Amino acid sequence: MTTGNLTTAEKSVLETIEEEDIDFLRLQFTDILGVVKNVSVPARQAEKAFREGIYFDGSSIEGFVRIQESDMRLIPDPETFAVLPWRKSEESAAARMICDVVDTSTGEPFEGDPRSILKRALERADAMGYTVNAAPEPEFFLFEEDEDGRATTKTNDAGGYFDVAPKDLASDVRRDIIYGLESMGFEIEASHHEVAQGQHEINFEYDDALATADNVATFRTVVRAIAAQHDLHATFMPKPIARVNGSGMHTHISLFTEDGENAFHDDDDEFDLSETAHSFLAGVLEHAPAITAVANPTVNSYKRLVPGYEAPVYVAWSDRNRSALIRKPAARVPAASRIELRSPDPSCNPYLALAAIIQAGLEGIERDLEAPEPVRENIYEFDEAKREEYGIDTLPGDLGQAVDALEADEVIYDALGEHVGPKFVEAKRKEFGEYIVEVSDWELDRYLETF
């Protein structure tokens, strides 16, 4: 094998492939809806993948290209190489790398690749002198499968928030998921049972925003695969069960300067937040309705975003309570100062969601926006008149309203790019249109015999 002109990271991958007896590589990317796709190649093709890329037909990928311009090329990122824990045996193993998508007609990054859209947001941050760190808190449900292996909505435990065995019967599943994630390079901080029966959360360490988006995509794949080994179905659907708490993906974010200082921290501020942080926060609040279309991208997302189930629906911020859209968590050290956006859910495309949040915040910094005063009372207890008095708006009530807000917001719509913006809106308008013409069981139960 000739490895001249390869980077150190690429050479390291080739060495690991030999040492670990890797026989297949999964070259992964995501479509605009955040669904992980992959092209599987024999591991012996790894060097070719690094040097030339691997060609594939992009015409069947949601929101990618038309049939007449379908040739795409995958360029693997060697920093994302990891052995798949559920595909490892004594004889062989499989591994994956996350890829950037290149347009073969131009040789440039494909403008419809969500990873490239996040990279563009990070380039803007870099030009302003910042790096971006982020940490999500993805929640998910574990459900039993039926005799045909199909998902049900029957939970396998009766646990609640922070419960332990015997109520939390999924602790062994979470343990195996954590082992699998750690074997792929994750630094796990905590895991616990969430509020609803069958609901769980596993938190991983803060990282730069690109690595974080990669980790979210990987996390969802690992959780599903290892749950399946336990004959369970893992879902990141935001609200799979009515009248219980839905699954969110609270997202922590901060900026760091070129000299490694946290640009969000200021000891002299009442809230330990710098002017930069206040402006970033103000930008996110201003563009919150449009961000919602990207961070809460399904019809089902809005079954979670309703008052009464601890989900944030009010466009405000707070340093004390969780009823506001943005919270300023307590920080033990200056480096930990950050803001937490509580609206995203785990069905979102992590690359697009982070890109939208970052672009909104950077816009706030560039325009030197001033954040409103924090709301320290429980907004859930406010009536409409009091919310008006405080100037508190609400997030869009459904996917249709959110897409309207996205189209009307030049900053967030442009953040998605000339290719993804229209494709995303088209897909979501179609989804919402299909939803509103359906007749639900609730409607039949309520009206069929009454009228």
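Residues numbered from 1 in each chain as written. Predicted model: local features only at pLDDT ≥ 70, side-chain atom pairs only at ≥ 80, totals over all residues. Heavy atoms only, no water.

So, the overall build of the protein chain
And then number 1: Regarding its fold elements, the protein chain presents 14 helices and 17 strands.
And then number 2: Against the 2.2 N^0.38 benchmark of 22 Å for 451 residues, the protein chain shows a C-alpha radius of gyration of 22 Å, consistent with a compact globule.
And then number 3: Taking contacts inside the protein chain between residues at least 6 apart in sequence as the whole, the part at least 24 apart equals 69%.
And then number 4: Surface summary for the protein chain: the accessible area is close to 20,900 Å², and the carbon and sulfur share equals 44%.
And then number 5: Measuring between centres, the 42 positive side-chain charges of the protein chain sit 3 Å from its 89 negative side-chain charges. (Helix = DSSP H or I, 4+ residues; strand = E, 2+ residues; numbered from the N terminus. Rg over C-alpha atoms; globule rule 2.2 N^0.38 Å. Contact = heavy atoms within 4.5 Å. Areas by Shrake-Rupley, 256 points an atom, 1.4 Å probe, with all protein chains shown as cover. Lys, Arg positive; Asp, Glu negative; His and termini not counted. Charge placed at Lys NZ, Arg CZ, Asp CG, Glu CD.)

Side note on helix α1 (residues 8-19)
And then number 1: For α1, with 12 residues, the first-to-last C-alpha span of 16 Å sits near the 16 Å given by 1.5 Å per residue.
And then number 2: Buried residues along α1 sit against β1 (22-30), α2 (46-52) and β6 (93-103).
And then number 3: Phi turns positive one or two residues past the end of α1, at Asp21, with a value near 55 degrees. (Expected span 1.5 Å × (residues − 1).)

Structural notes on the environment of Ala353
And then number 1: You can see Ala353 is positioned in helix α9 (residues 350-366).
And then number 2: You can call Ala353 buried: its relative accessible area is 4%.
And then number 3: Along the primary structure Ala353 and Leu416 are separated by 63 residues, whereas in three dimensions their C-alpha atoms are 9.5 Å apart. (Buried < 20%, exposed > 50% of the residue type's maximum accessible area, 1.4 Å probe, protein only.)

Some words on the nonpolar core
And then number 1: If you look at the biggest cluster of nonpolar residues, it comprises 99 residues, and the most contacted ones within it are Leu118, Phe219, Leu255, Ile326, Ile358 and Leu406.
And then number 2: Excluding its chain neighbours within four sequence positions, the residues that come into contact with Leu255 are Tyr130, Thr131, Val132, Glu261, Asn262, Ala263, Phe264, Thr276, Phe280, Leu362 and Ile365.
And then number 3: Ranked by size, the runner-up nonpolar core spans 26 residues in total, among them Val13, Val41, Ala43 and Ala93. (Core = buried A, V, L, I, M, F, W, Y, C linked by side-chain atoms within 4.5 Å.)

Geometry only, nothing functional implied.
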